[in-house]
Amino acid sequence: MTTKVGTTTANRSLWTRAGLAATTWIALYQLNESFWDWVVFTGAHLDPASRLGQAVHFFAYDTTKILLLLSGIIFLVAILRSFTTLERTRALLGGRREGIGNIAAAGLGVVTPFCSCSAVPAFIGFVAAGIPLGVTLSFLIASPMVNEVAVVLMYGLFGWKVAALYIGFGLLIAIVAGNVLGRLGLEKWVEPFVYEIHMGNQPVDETAKLTWSDRFAIGRAEVCSIVRSIWPYLLVGIGIGAVIHGWAPQDLFARWAGPDNPLAVPIAVLIGIPLYSNAAGALPLVQALAEKGLAMGTVLAFMMSIVALSLPEMVLLRKVLKPKLLATFVAVVGSGILMVGYLFNAIL
Amino acid sequence: MKVTILGSGCPSCKALTVRVHEALERLDSSADVEFVDDYAVMAQYRIMSTPALVIDDRLIFNGMVPKTESLMELFEAHGA
């Protein structure tokens with residue numbers, strides 16, 4: 001009896017604390033801009049019309065906003081993901097044909113927890129369980145691309161329309177590229193040992209035992225872990241962005257990297273390849289560039305390239321994909337990203 | 001007791017390695033610890049996320065990095 005009451009009280013306290021945290025977060029987010037207006041322009045007496053004033057305000061405001069957004073979304077997504085596992089995703093995808101399989105894989109790629117280092121075990125797990133190569137690749141493209149850090153940054157810096165476009169076209173590229181790669185019949189370019197492994201089908205379901213307290217703890221741990229790994233890049237990126245915001249001429253890009261320059265998109269895609277973990281730093285910088293005329297299609301292509309064509313992940317995938325398959329993968333996904341870039345430069 | 005950590009060298013895998021060593025030290029255990037990053041070996045344990053912990057060739061968990069105290073409890077239960 002005592003245990004039951006104890007648990008109920010503990011639960012109530014857990015949810016009360018969660019409610020308080022949410023309310024505090026909302027308050028901080030709403031008050032962010034006014035707070036920094038006051039600190040920078042009134043408190044520090046910087047002139048809002050001056051470059052220095054603009055740059056300092058941009059830096060303080062953007063850093064706070066992005067950190068708040070990141071912690072909020074990472075926390076929520078980590079909790080959501082605590083309800084799914086790679087094992088369950090594999091079980092769900094087993095037996096689906098190409099086409100539907102590609103769509104399901106891309107969708108599941110978004111909600112299944114995934115870290116770059118799991119790319120190889122996940123790939124082996126899927127393929128060895130009989131999931132078609134193309135479907136597995138749809139998962140592998142969608143998972144890093146439509147990740148919460150990227151989406152949050154896109155939303156926080158460019159608004160929900162651009163974030164929605166990013167998600168929508170990210171998924172489309174994952175589905176189509178996976179389907180195309182599947183049709184090319186490239187199984188012969190997968191390292192042979194992958195097909196020699198026989199996986200059992202019972203999912204090891206550790207998620208059923210998690211309590212809400214466990215899930216909140218997972219959420220907090222994810223926030224700390226991700227913020228801890230990206231904050232230097234974030235500050236550098238926002239810092240450079242602040243300088244550009246304050247000092248670069250308004251039409252900096254209109255002259256040579258605006259919507260009409262056909263080289264802007266491929267260059268952006270190429271620069272994105274080595275940048276993976278620096279997405280957090282690259283984005284604020286890119287936002288400042290977008291203010292100075294960098295076309296939105298180029299921005300989208302750049303962001304997708306950073307996360308989907310990540311060099312560290314390519315290096316890992318080399319262990320299971322022969323160079324020809326890896327090259328084909330990069331070419332197909334890269335082409336998809338290029339097309340999205342050009343499309344949006346033309347229509348936005 | 002033989003402890004094997006399966007991983008690919010990413011921060012989570014390194015964190016698990018550190019905590020495993022810490023836990024075993026605090027338990028004053030003489031267990032063997034090895035780190036494996038060979039994917040063919042990992043696949044034999046049927047894991048899909050790293051890092052993973054194997055004790056005496058039995059898979060204990062994968063895809064998480066428990067606290068040192070939890071690891072200590074785990075090792076004690078397996079006869080550390």
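Everything numeric in this text was worked out from a predicted model, so none of it was measured. One numbering rule holds for all chains: residues counted from 1, following each sequence as written. Each chain is given a letter, starting from A, and each ligand a number, starting from 1, according to the order in which they appear as written. In view of the model being predicted, local features appear only for residues whose pLDDT reaches at least 70, and side-chain atom pairs are presented and counted only at 80 or more, with totals across whole chains, interfaces and linings using the full set of residues.

**Some words on the overall build of chain B**
Okay, step 1: Strands are runs of DSSP state E lasting at least two residues, helices are runs of H or I lasting at least four, and both sets are numbered from the N terminus onward. For chain B, the count of helices and strands is 3 helices and 4 strands.
Okay, step 2: Mapped from its N terminus to its C terminus, chain B presents α and β elements in the order β-α-β-α-β-β-α.
Okay, step 3: With the radius of gyration taken over C-alpha atoms, the globule rule is written as 2.2 Å times the number of residues to the power 0.38. A compact globule built from 80 residues would reach a C-alpha radius of gyration of about 12 Å, and chain B, at 11 Å, matches this within 12%.
Okay, step 4: Expressed along its principal axes, the backbone C-alpha trace of chain B runs to roughly 30 × 25 × 15 Å.

**Some words on the interface of chain A and chain B**
Okay, step 1: Note that contacts rest on C-beta atoms placed from the backbone: two residues are in contact if these are within 7 Å. Between chain A and chain B, the contact holds 22 residues from the first and 15 residues from the second.
Okay, step 2: Counting only elements with at least two residues in the side of chain A that touches chain B, the list comes to α3 (86-93) and α5 (119-128) of chain A.
Okay, step 3: Ranked by residues supplied to the side of chain A that touches chain B, first place goes to α5(A) with 6 residues.
Okay, step 4: Ten residue types, Ala, Val, Leu, Ile, Met, Phe, Trp, Tyr, Cys and Pro, are classed as nonpolar, four, Asp, Glu, Lys and Arg, as charged, and the remainder, Gly among them, as polar. Across the side of chain A that touches chain B, the residue classes tally to 13 nonpolar, 5 polar and 4 charged.

**Comments concerning the confidence of the model for chain B**
Okay, step 1: A score between 0 and 100, pLDDT records how confident the predictor is in each residue. Overall, the prediction assigns chain B a mean pLDDT of 85, with 99% of residues at 70 or greater.
Okay, step 2: In the model output, the complex is listed with pTM 0.78 alongside ipTM 0.74.

**Considering the pairing of strand β2 (residues 32-36) of chain B**
Residue and element names in this part refer to chain B.
Okay, step 1: Two strands form a pair only when DSSP identifies at least two bridges running between them. Sheet topology places strand β1 (residues 2-6) next to β2; 5 bridges connect them, and they run parallel. Paired with Lys2 across the two strands is Asp32, which belongs to β2.
Okay, step 2: Here a crossover is taken to be right-handed if, once the strands point away from the viewer, the path from the first strand over the helix to the second is traced clockwise. Read from β1 through helix α1 (residues 11-26) to β2, the crossover connection turns out right-handed.

**Quick word on the packing of helix α2 (residues 51-81) of chain A against helix α7 (residues 148-158) of chain A**
All names here are of chain A.
Okay, step 1: Here, axes are lines fitted to C-alpha atoms. For helices the fit covers the stretch in contact, and angles between N-to-C directions go from 0 to 180 degrees. At a closest axis distance of 9 Å, the pairing of α2 and α7 adopts a crossing angle of 140°. On the basis of their axis angle, the class for α2 and α7 is oblique. In the packing of α2 onto α7, the handedness of the crossing is right-handed. Of the residues in α7, those in contact with Lys65, Ile66, Leu69, Leu70, Ile73, Ile74 and Val77 of α2 are Glu148, Val149, Val152, Leu153 and Gly156.
Okay, step 2: Tallied by class, residues from the contact of α2 with α7 come to 9 nonpolar, 1 polar and 2 charged. Put simply, angles under 35 degrees are roughly parallel, angles over 145 are roughly antiparallel, angles from 65 to 115 are roughly perpendicular, and the rest are oblique. Rotating anticlockwise by less than a right angle from the far helix to the near helix defines a left-handed crossing, while the corresponding clockwise rotation defines a right-handed one.

**Overview of helix α16 (residues 323-347) of chain A**
Residues spaced three or four apart along an α-helix face the same direction, because each turn holds 3.6 residues.
Residue and element names in this part refer to chain A.
Okay, step 1: Along its 25 residues, α16 runs 36 Å from first to last C-alpha, staying within 8% of the 36 Å computed at 1.5 Å per residue.
Okay, step 2: Among the residues of α16, Leu325, Phe329, Val332, Val333, Gly334, Gly336, Ile337, Val340, Gly341, Phe344 and Asn345 are the ones counted as buried.
Okay, step 3: Check the buried side of α16 and you find it contacts α6 (133-145), α8 (160-183), α12 (264-272) and α14 (296-308). Helices are assigned an expected span. That span is 1.5 Å times one less than the residue count. Residues with at least 20 other C-beta atoms within 10 Å of their own are called buried, those with 12 or fewer are called exposed, and the rest are partly exposed. The C-beta atoms themselves are positioned from the backbone.

**Looking at the nonpolar core**
Residues and elements named next belong to chain A.
Okay, step 1: In plain words, the nonpolar core is the set of buried Ala, Val, Leu, Ile, Met, Phe, Trp, Tyr and Cys residues that C-beta atoms within 7 Å link up. Within the largest apolar cluster, 110 residues are counted, with the highest numbers of intra-cluster contacts made by Ile141 and Met303.
Okay, step 2: In terms of residues, this core owes the most to one element, α2, which gives 10 residues.
Okay, step 3: Ignoring anything within four residues of it in the chain, the contact list for Met303 reads Ala150, Met154, Tyr166 and Leu283.

**Details of the packing of α12(A) against α14(A)**
Residue and element names in this part refer to chain A.
Okay, step 1: Following both chains from N to C, one finds α12 and α14 inclined at 25°, their axes separated by 7 Å at the closest point. Classified by the angle their axes make, α12 and α14 are roughly parallel. As α12 runs across α14, the sense of the crossing is right-handed. Judged by residue contacts, Ala264, Val265, Ala268, Val269, Ile271 and Gly272 of α12 engage Gly297, Thr298, Ala301, Phe302, Ser305 and Ile306 from α14.
Okay, step 2: When grouped by side-chain class, the residues that make up the contact of α12 with α14 number 8 nonpolar, 4 polar and no charged.

**Notes on the environment of Ile74(A)**
Residue and element names in this part refer to chain A.
Okay, step 1: As for its placement among the helices and strands, Ile74 is situated in helix α2.
Okay, step 2: Along the chain, Ile74 and Thr64 lie 10 residues apart, while their C-alpha atoms are 15 Å from each other.
Okay, step 3: Leave out the neighbours within four places in its chain, and Ile74 touches Glu148, Glu222, Val223 and Ile226.

**Some words on helix α4 (residues 100-111) of chain A**
All names here are of chain A.
Okay, step 1: With 12 residues, α4 should reach 16 Å at 1.5 Å per residue; the first-to-last C-alpha distance of 17 Å fits that figure.
Okay, step 2: Considered for burial, the residues of α4 that qualify are Gly101, Asn102, Ala105, Ala106, Leu108, Gly109 and Val110.
Okay, step 3: At its buried positions, α4 is contacted by α3, α6 and α8.

**Quick word on unusual backbone geometry**
Okay, step 1: Of note, the phi angle at His45(A) is positive, near 60°, even though the residue is not glycine.
Okay, step 2: With respect to the helices and strands, the residue His45(A) is situated in the loop between α1 (2-43) and α2.
Okay, step 3: The phi dihedral of Asp28(B) falls on the positive side, at around 55°, and the residue is not glycine.
Okay, step 4: Here Asp28(B) lies in the loop between α1 and β2.
Okay, step 5: We classify Asp28(B) as exposed; it has 7 C-beta atoms within 10 Å.

**Examining the sheet that holds β2(B)**
Residues and elements named next belong to chain B.
Okay, step 1: Here we have 4 strands laid out as an open sheet, ordered β2-β1-β3-β4, and mixed in their pairing. Edge strands, defined here as strands with exactly one partner in the open sheet, are β2 and β4 (58-62). The mean angle between the axes of side-by-side strands here comes to 20°, regardless of whether they run parallel or antiparallel.
Okay, step 2: Strands in contact with α1 are β1, β2 and β3 (52-55); relative to β1, the strand with the most contacts, it is inclined by about 165°.

**Structural notes on the confidence of the model for chain A**
Okay, step 1: Averaged over every residue, the pLDDT of chain A is 83; the share at 70 or more is 91%.
Okay, step 2: No element of chain A has a lower mean pLDDT than helix α11 (residues 252-256) of chain A, which averages 63, and none a higher one than α8(A), which averages 91.

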